[in-house]
Amino acid sequence: MVASAWISFADECGQTLKAYKATAWAPKGETPVVKVTAKGTVRVSVAGLCATGPVTAPG
């Protein structure tokens with residue numbers, strides 16, 4: 001019996017380069033400061049695929 005199936009895994013994700021502004025903490029009497037270095041709403045998308053198929057012996 002010869003197996004002829006392929007197994008594959010695909011995944012994708014996205015990430016924004018804009019900093020998330022959240023609650024900041026500082027000692028009493030001091031104003032909390034959050035530094036933001038990214039400008040705009042730049043997004044990065046990544047997709048990947050891994051696959052393996054039937055392997056045949058040489059000869």
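Please refer to the structure placed before this passage.
Summarised in this report is the structure supplied together with it. (Residues numbered from 1 in each chain as written. Predicted model: local features only at pLDDT ≥ 70, side-chain atom pairs only at ≥ 80, totals over all residues. Heavy atoms only, no water.)

A few points about the overall build of the protein chain
Broken down by element type, the protein chain carries zero helices and two strands. Looking at the 59 residues of the protein chain, the share that counts as buried comes to 2%. Restricting the contact set of the protein chain to residue pairs at least 6 apart, pairs at least 24 apart contribute 78%. In the form shown here, the protein chain has an accessible surface area of approximately 6,000 Å², with 60% of it arising from carbon and sulfur atoms. (Helix = DSSP H or I, 4+ residues; strand = E, 2+ residues; numbered from the N terminus. Buried < 20%, exposed > 50% of the residue type's maximum accessible area, 1.4 Å probe, protein only. Contact = heavy atoms within 4.5 Å. Areas by Shrake-Rupley, 256 points an atom, 1.4 Å probe, with all protein chains shown as cover.)

Here's the deal with the environment of Trp6
Among the structural elements, Trp6 can be located in the segment before strand 1 (7-16). Classification of Trp6 as exposed rests on a relative accessible area of 61%. Not counting chain neighbours up to four residues away, the residues in contact with Trp6 comprise Ala51, Thr52, Gly53 and Pro54.

Regarding a nonpolar patch on the surface
Taken together, Leu17, Val42, Val44 and Val46 make up a surface patch of nonpolar side chains, about 310 Å² in accessible area. Here Val44 lies in strand 2 (residues 43-52). Val44 gets classed as partly exposed once you look at its relative accessible area, which sits at 37%. (Patch = residues over 30% accessible without salt bridge, like charges linked within 9 Å, V, L, I, M, F, W, Y side chains within 5 Å. Salt bridge = Lys/Arg side-chain N within 4 Å of Asp/Glu carboxyl O.)

Some thoughts on the environment of Ile7
Locating Ile7 in the fold gives a position in strand 1. Relative accessible area serves as the criterion here: at 60%, Ile7 is assigned to the exposed category. Separated by 44 residues in the primary sequence, Ile7 and Ala51 have C-alpha atoms spaced 5.7 Å apart. Among all residues touching Ile7, those that are not within four sequence positions of it are Cys50, Ala51 and Thr52.

Considerations on the pairing of strand 2
Within strand 2, only zero of the 10 residues are buried, leaving the element largely exposed. Sheet analysis places strand 1 next to strand 2, joined by 10 bridges and oriented antiparallel. Opposite Ala10, over in strand 2, you have Leu49 as the bridge partner. (Pairing = 2+ DSSP bridges.)

So, the environment of Arg43
Here Arg43 is to be found in strand 2. Separated by 27 residues in the primary sequence, Arg43 and Thr16 have C-alpha atoms spaced 4.4 Å apart. When sequence neighbours within four positions are dropped, the list of residues in contact with Arg43 reads Gly14, Gln15 and Thr16.

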